[in-house]
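What the coordinates show
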Amino acid sequence: MGIRIKGTGMFVPEKVLTNADLEKMVETSDEWITTRTGIKERHIADKQTATSDLAYAAALKALEMAGVSPSELDLITVASVTPDKLFPNTAALVQRKLGACTCPCFDLEAACSGLIYSIEVAHSMMAANKKYKKALVIGAEKLSSIVDWTDRSTCVLFGDGAAALVLESGDEIEGDFYVAGKLAADGNYGDILHLPAGGSAMPASHESVDGKCHFIKMGGQETFKLAVTAMTAACKEVLADSGIAPEQVAWVIPHQANRRIISAVAARLTIPEERVYANIDRYGNTSSASIGICLDEMNRAGMLKHGDCILLTAFGGGLTWGAQLIRWQ
Ligand code: UT7
């Protein structure tokens, strides 16, 4: 039995927030944001749009490319740190929008590593059980809903967006897109990148709102250093496990958190920047959506060739991180 990525899709809201727009909101500059992060603009959803709407729009595109109808789906997962509600899960809300029968639906929360965690889970389910033939794997975020727009150290970084993959298994499919993977987490660092309130530890209260506890808090410098070390180590482990040398990697698709992190990881892997995909300038950090947005852009632009070894790597709150080597079919 083989497993392949049959379709990809992405969606970002129409509204663009540029660095020049941010200069009018907080004390920052296009120069600072560009040199420190590589971000020029990001897309921001309006008040009425929820994460499930972004996810649904990306899913429609992936399903259309795959030629799969919602009623054929055997599984829907959504990775997100900005679910519509604490429950029901966002995957079930997407299922309702798609009209996709009664297939199992669940959310997976691994922050910016959410998509690669979800690929690992969905792929494992499909490999273990033939009844999961068609899976819709989504990473979707409305990060603008948890950003403190008065905090210049975080508000310039994030954007909204969604990406979806349709995975398909079958006896007629040759080979498996998944070659090797490494997932990891270290909860000891949970407090350097987190959203303090809104869960059972700190339910919403006047104090939590007044204390701005419903917004992303991040120790930027510490996160930066850990991100470079962890992603590099995960990538090296995955390459060693799969017997693939850095020169054989056609593309690295890293989580888009900071252009300097991307460059530092590429340098440590000795993979030239021409083979490292980045679109952070246009979308900012879209957390669990970022790798999927890259993959879809590259796929639609015809940049991915049959047999290409593609190295995915991510890092995020938890802390969580990992890498996956996939082969394009
Ligand atoms: O996606 C999940 C993982 N997330 C990440 O991996 C993000 C990792 N961290 C980063 O990308 C970087 O640490 C940041 C982009 C967040 C910050 O860049 P940095 O080079 O680490 O800057 P910094 O935090 O050390 O701040 C340097 C200076 C400070 O001023 P002083 O103390 O030197 O006077 C900040 O107050 O830059 C100041 N600053 C700003 N200035 C203009 C912080 N934010 C801004 C801003 N505009 N937006």
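Read on for a plain summary of the structure.

Here is what the cut-offs are and how they apply
Residues numbered from 1 in each chain as written. Predicted model: local features only at pLDDT ≥ 70, side-chain atom pairs only at ≥ 80, totals over all residues. Heavy atoms only, no water. Pairing = 2+ DSSP bridges. Helix = DSSP H or I, 4+ residues; strand = E, 2+ residues; numbered from the N terminus. Axes fitted to C-alpha atoms, helices over the stretch in contact; angles between N-to-C directions. Contact = heavy atoms within 4.5 Å. Core = buried A, V, L, I, M, F, W, Y, C linked by side-chain atoms within 4.5 Å. Buried < 20%, exposed > 50% of the residue type's maximum accessible area, 1.4 Å probe, protein only. Domains from an automatic or database assignment. Salt bridge = Lys/Arg side-chain N within 4 Å of Asp/Glu carboxyl O.

All right, on to the sheet that holds strand β4 (residues 75-79) then. Read from one edge to the other, the open sheet built from five strands follows the order β1-β7-β6-β4-β5, with strand pairing classed as mixed. Single-partner strands in this sheet number two, and they are β1 (2-11) and β5 (105-108). Adjacent strand axes in the sheet meet at a mean angle of 20° when their direction is disregarded. In this structure, strand β6 (residues 134-141) lies alongside strand β7 (residues 161-170), joined through eight bridges in antiparallel fashion. The residue bridging V137 from the neighbouring strand is L165, located in β7. Helix-sheet contacts for helix α11 (residues 290-300) involve β1 and β7, and the interaxial angle to β1 is about 100°.

Grouped together as the largest cluster of nonpolar side chains are 45 residues, with contacts concentrated most on V249, L311, F315, W321 and L325. At the level of elements, β8 (178-185), α8 (220-242), β11 (249-254), α9 (259-269), β12 (309-316) and β13 (320-327) are the ones that each hand at least two residues to this core. Counting only domains with at least three residues in this core, you end up with domain 1 (2-170) and domain 2 (178-327). For L311, the contacting residues outside a window of four places in its chain are C235, V238, L239, V249, W251, V252, I253, L269, Q324 and L325. Counting 29 residues, the second-largest nonpolar core is a separate cluster that includes I291, M298, L304 and L312.

Moving on to α11. The buried fraction of α11 is high, at ten of eleven residues. Residues S290, I291, G292, I293, C294, L295, D296, E297, M298 and N299 constitute the buried set of α11. Positive phi appears at G302, one or two residues downstream of α11, with a value of about 70°.

Okay, unusual backbone geometry next. Residue P88 is bonded to the preceding F87 through a cis peptide linkage, with omega at 0°. As for its placement among the helices and strands, P88 is situated in the loop between β4 and α4 (90-98). In this chain, G318 is followed by L319 through a cis amide linkage whose omega measures -15°. Along the polypeptide, L319 turns up in the loop between β12 and β13. One non-glycine residue, C101, lies in positive phi territory at about 50°. You can see C101 is positioned in the loop between α4 and β5. On the basis of relative accessibility, which here comes to 47%, the residue C101 falls in the partly exposed class.

Pairing between side chains becomes possible if they bear opposite charge and their charged atoms approach one another. Tallied over the full model, the rule gives twelve salt bridges. Salt-bridge contacts for E168 lead to R4; the nearest nitrogen and oxygen are separated by 2.7 Å. Note that E168 is positioned in strand β7 and R4 in strand β1, a separation of 164 residues in sequence. Among the ionic pairs, R259 bridges to E273, the shortest N-O distance being 3.1 Å. Of this pair, R259 sits in helix α9 while E273 sits in the loop between α9 and α10 (280-283), placing them 14 residues apart in sequence. Overall, R259 belongs to the partly exposed group, its relative accessible area being 26%. When its relative accessible area of 34% is taken as the criterion, E273 is described as partly exposed. Among the ionic contacts, a cluster of salt bridges with common partners joins R4, K6, E72, K134 and E168.

A few words on the side chain of H123. Looking at the element boundaries, H123 is found in helix α5 (residues 114-128). The class for H123 is buried, based on a relative accessible area of 8%. In contact with H123, other than residues within four places in its own chain, are I3, L167, D176, F177 and Y178.

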